[in-house]
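# Structural overview
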Amino acid sequence: MKIIHSDVLVVGGGLAGQRVALAVKRRGLEPSILSLVPAKRSHSVAAQGGMQASLANCFKGEGDNEDVHFEDTVRGSDWGCDQRVARMFAHIAPKAIRELAAWGVAWNRVRGGDHEVVINGQRLTLTERADAHGLITARDFGGTRKWRTCYTSDGTGHAMLYTLSDQVIAASIPVHERQEALALIHDGYRCHGAVVRDLITGELSAHLARATVVASGGYGRIYGISTNALINEGMGAALALETGVARLGNMEAVQFHPTAIVPTGILVTEGCRGDGGVLRDVDGHRFMPDYEPEKKDLASRDVVSRRMAEHMRAGKGVASAYGEHLWLDITQLGAAHIDKNLREVKDICRYFLGIDPARDFIPVRPTQHYSMGGIRTDYRGESQWLTGLFSCGEAACWDLHGFNRLGGNSVAETVVAGMLVGEYVADFCESGLGEQEISTALAREFVERERHSLESLVTRPGRENAVELRRRMERIMTDKVGLFRNGPDLDSAVAELAELLARSGDVGVNGNSGGSLGANPELVLAYRLPRMLKVALTVAMGARDRTESRGAHFREDHPARNDRDWLNRTLACWREGDTLPTLEYEELDVPTMELPPGFRGYGAKNIIDHPDTAPRQAEVDEMRAAKLDRYAAQSYLMSFKQFLPLKYRGRNERLDEPLP
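Calculation criteria
Residues numbered from 1 in each chain as written. Predicted model: local features only at pLDDT ≥ 70, side-chain atom pairs only at ≥ 80, totals over all residues. Heavy atoms only, no water. Helix = DSSP H or I, 4+ residues; strand = E, 2+ residues; numbered from the N terminus. Buried < 20%, exposed > 50% of the residue type's maximum accessible area, 1.4 Å probe, protein only. Contact = heavy atoms within 4.5 Å. Areas by Shrake-Rupley, 256 points an atom, 1.4 Å probe, with all protein chains shown as cover. Lys, Arg positive; Asp, Glu negative; His and termini not counted. Charge placed at Lys NZ, Arg CZ, Asp CG, Glu CD. Pairing = 2+ DSSP bridges. Axes fitted to C-alpha atoms, helices over the stretch in contact; angles between N-to-C directions. Left-handed = near helix turned anticlockwise from the far one by under 90°. Nonpolar A, V, L, I, M, F, W, Y, C, P; charged D, E, K, R; others polar. Parallel < 35°, antiparallel > 145°, perpendicular 65-115°, else oblique. Core = buried A, V, L, I, M, F, W, Y, C linked by side-chain atoms within 4.5 Å. Phe/Tyr/Trp six-rings, centres within 6.5 Å; stacked < 30°, edge-to-face > 60°. Lys NZ or Arg CZ within 6 Å of the ring centre and 35° of its normal. Salt bridge = Lys/Arg side-chain N within 4 Å of Asp/Glu carboxyl O.

Looking now at the overall build of the protein. Broken down by element type, the protein carries 18 helices and 22 strands. Within the protein, the proportion of its 660 residues that are buried is 62%. Considering only contacts in the protein between residues 6 or more positions apart, those separated by 24 or more positions represent 73%. Looking at the protein as shown, the accessible area adds up to about 23800 Å², and 50% of this sits on carbon and sulfur atoms. For the protein, the distance from the average position of its 80 positive side-chain charges to the average position of its 89 negative side-chain charges is 2 Å.

It is worth spelling out the sheet that holds strand 12 (residues 254-261) at this point. Sheet strands associate in pairs through backbone hydrogen bonding, adopting either a parallel or an antiparallel arrangement. A sheet is described by the order of its strands in space; here four strands give the open sequence 12-15-14-13, paired in antiparallel fashion. For this open sheet the edge positions go to strand 12 and strand 13 (278-280), each flanked by a neighbour on one side alone. Pairs of neighbouring strands in the sheet enclose a mean axial angle of 45°, with direction left out of account. Judged from the six bridges that link them, strand 12 and strand 15 (residues 362-371) form a sheet pairing that is antiparallel. Looking at strand 15, one finds that Ala-260 is bridged to Arg-365. Its contacts with the sheet place helix 8 (residues 301-316) against strand 12, strand 13, strand 14 (326-329) and strand 15, and it is angled at close to 60° to strand 12. Against the sheet, helix 10 (residues 343-353) touches strand 12 and strand 15, its axis set at about 110° to strand 15.

Once that is clear, we can look at unusual backbone geometry. Of the consecutive residues Val-262 and Pro-263, the connecting peptide bond is found in the cis state with omega at 15°. Look at the link from Trp-398 to Asp-399: it is a cis peptide, with omega at 25°. For Asp-399, the position within the fold is in the loop between strand 18 (396-397) and helix 11 (409-430). The phi torsion at Asn-250 lies on the positive side, around 50°, for a residue other than glycine.

Bringing the sheet that holds strand 21 (residues 582-587) into the picture now. Strand order in this open sheet of five strands is 18-16-11-20-21, and the pairing throughout is mixed. Whereas interior strands pair on both sides, the edge strands pair on one side only; in this sheet they are strand 18 and strand 21. Here strand 16 (residues 374-376) pairs with strand 18 via two bridges, running parallel. Bridging across to strand 18, Arg-376 finds its partner in Cys-397. Against the sheet, helix 15 (residues 521-545) touches strand 11 (248-249), strand 20 (568-573) and strand 21, its axis set at about 60° to strand 21.

Glancing now at the environment of Leu-433. Structurally, Leu-433 can be placed in the loop between helix 11 and helix 12 (440-459). For Leu-433, a relative accessible area of 54% corresponds to the exposed category. As a C-alpha pair, Leu-433 and Asn-520 span 87 residues in sequence and 39 Å in three-dimensional space. For Leu-433, the residues in contact, after removing those within four places along its chain, are Arg-190 and Phe-428.

With that out of the way, let us pick up the packing of helix 1 (residues 15-26) against helix 11. Contact geometry of helix 1 with helix 11 gives a least axis separation of 7 Å together with a crossing angle of 35°. As for how helix 1 packs across helix 11, the hand of that crossing is right-handed. Here helix 1 contributes Leu-15, Ala-16, Arg-19, Val-20, Ala-23 and Val-24 to the contact with helix 11, which in turn contributes Val-411, Thr-414, Val-415, Gly-418, Met-419, Gly-422, Glu-423, Val-425 and Ala-426. Looking at side-chain class alone, the contact of helix 1 with helix 11 contains 10 nonpolar, three polar and two charged residues.

Okay, the packing of helix 17 (residues 613-625) against helix 18 (residues 630-637) next. With their axes 10 Å apart at the nearest point, helix 17 and helix 18 run at an angle of 155° to one another. Taken together, the axes of helix 17 and helix 18 lie roughly antiparallel to each other. By crossing handedness, the relation of helix 17 to helix 18 is classed as right-handed. On helix 18, the residues touching Arg-616, Val-620, Met-623 and Arg-624 of helix 17 are Ala-633, Tyr-636 and Leu-637. Residues of the contact of helix 17 with helix 18, tallied by class, amount to five nonpolar, no polar and two charged.

Among the eight residues of strand 9 (residues 191-198), eight are classified as buried, and the element is accordingly described as predominantly covered. In the sheet, strand 8 (residues 179-186) pairs with strand 9 via seven bridges, with the strands oriented antiparallel. Looking at strand 9, one finds that Leu-184 is bridged to Ala-194. Here strand 8 hands over to strand 9 after four residues, with Gly-188 in that stretch at a positive phi of 95°. Relative to strand 10 (residues 204-214), strand 9 is paired through five bridges, and the arrangement is antiparallel.

Attention now goes to the nonpolar core. If you look at the biggest cluster of nonpolar residues, it comprises 80 residues, and the most contacted ones within it are Ile-222, Met-473, Met-477, Val-481, Leu-497 and Val-539. Per-element tally for this core: the top contributor is helix 15, with 15 residues. Residues contacting Met-473, with those up to four places away along its chain left out, are Arg-221, Ile-222, Leu-497, Leu-500, Met-532, Leu-533 and Ala-536. Ala-53, Cys-81, Trp-103 and Ala-215 belong to the second largest nonpolar core, which has 64 residues in total.

Under the defined criterion, the tally for this structure stands at eight aromatic pairs. Summarising the aromatic geometry, the rings of Phe-287 and Tyr-291 are spaced 6.4 Å apart at their centres and angled 85° between planes, so their arrangement reads as edge-to-face. Considering the side-chain rings of Trp-566 and Tyr-585, the 5.3 Å spacing of their centres and the 80° angle between planes classify their relative orientation as edge-to-face. Here Trp-566, found in helix 16 (residues 563-566), pairs with Tyr-585, found in strand 21; they are 19 residues apart in sequence, far enough to count as distant. Overall, Trp-566 belongs to the buried group, its relative accessible area being 13%. A connected cluster of aromatic rings, assembled from ring pairs, spans Tyr-379, Tyr-424 and Phe-643. Against the face of Phe-643 rests Arg-84, its NZ or CZ located 3.8 Å from the ring centre. Its guanidinium or amino end placed over the ring of Trp-574, Lys-534 lies 5.4 Å from that ring's centre, counting from NZ or CZ.

The next subject is the pattern of salt bridges. If charged atoms from side chains of opposite charge come close, those side chains can pair. Under the criterion given, the structure shown has 70 salt bridges. Asp-563 serves as the salt-bridge partner of Arg-550, at 2.8 Å between the closest nitrogen and oxygen. Residue Arg-550 is located in the loop between helix 15 and strand 19 (561-562), and its partner Asp-563 is located in helix 16; the two are separated by 13 residues in the primary sequence. For the pair formed by Arg-550 and Asp-563, the shared burial category is buried. Each member of the salt-bridge network shares a partner with another, and the members are Asp-78, Glu-252, Asp-302, Arg-306, Arg-546, Glu-548, Arg-550, Arg-561, Asp-563 and Arg-600.

So, in structure tokens, the structure goes:
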């Protein structure tokens, strides 16, 4: 049996995983990274629009700060997020973006003087201040009160990932590409690493580490159409779930993006609307102001997606061979702007649709896009149930996003969480908890268990077809656990998914000759399918049991946001021998909130209040009336800096807020 030792094993080679590895390397530890694909092809590379950080450099960002970013994030989450985590995130984001700039990310910059923009469909002239010239600029994004989304045209993820990858190479951090973690090695209390399969040779090995960090991305591919990369199958969540100990959080919180192209589901960035694009219906009418007169096309993503679906239900969709859609119109931005700031969108439209977005409308409709749920962790990124297991990025429920993520907060979270969790992982490794003694017998037991499982797949008859079962799962999730949800559909989804999970036990690998465990896509599908079904069941059961509407989770039969009964976080675990996950709930503590639950400002107010909301709001109002400076007020309401690593506690400097 081959055993590979490191201080920290990182499962996932995207932005979050690489930033964690860099953090622990800087602390003198030896990390290693596993990646299903070459690291620079991780799904992080697909992020287009930008990264939120309250720099306040551009004219429309003036007055922005951590307070505004924090409040936008909490409101965007529909009060489902961990407010301490949101505070830590908003504080670190400006430091993260400046660090990336120092490493070489070519952020778009402020140009002093007059320049033309399109806002609310109107062409206007903005005047940028001279002392901001050359600083990092920002564009508008949905759900924010200030222009805060920093960008590199529409290739932000590409620029960030390539820069981080170069830093990883410079730091001599080993990246094991085309390697897949099949199981977490643990004794029920302590995680010791993972069983790893080489996707080329089929060789199994044990990677043992003092800390294991899962940063493997989301689970969008349990749906039939998704903007996610094909590798985003939820295997990181499944690894944690199959320990029978670790919990997943808020798995029913699944975001749909308003503007994926039809029919492929490829994303065109929110930057299209942030830069002035608008949504139109079959008549060419701009309909979003009819529903959301204040934020219009830049309402929060969950809101825009539902309004689009409602508009199509009202008969205003555009008929096509691939189903109804609506139009995204960016023609008013002009060819020069598109060529400079939306060039990837132009290429997508040209190669996949055969159109020029400077002249033609883009066919779009809401499509599964992001997973707010994931491996439940505390603010340090560590599982509270399995010591030594950490997670960050989209694989984690940290919980920054609650039940809806603001655009631009995802790539920001990858690097911010990577910075912070990396420090906490290093602290863990240097503490007594980080010391471990693991016998090779435990590692061998897990490796042999996985080997036996694979051998059974390639030798049994295989009465069930894995491709057919997967397609049925994708259809169930798309049709019954989608943008609009209701009790009967969710009951049916849970029953059907449970049946598929049982049938997946009879899947074999019929195309394999000689029982080889080497490179074989059919084998990969066969062993991933039951895990995908388990992840899908946590989503469907969480959605079925949550009888309220919050953020991206919208129940047509329970349209109110019910803070009285459901201001909590869903936890899912899968105990050995069970056929369904067990759901538990983690209450959110209103009396400790800096921003008590309130109205998001979309549609009609439909909230069942929590009994602690009014008393806490009165306390907040009383403190605000004292007119303390914003730092003192924030610290009084909800202190957070003592939880940050010492080196990240300092204030952020802005043009109008110089450091003392």
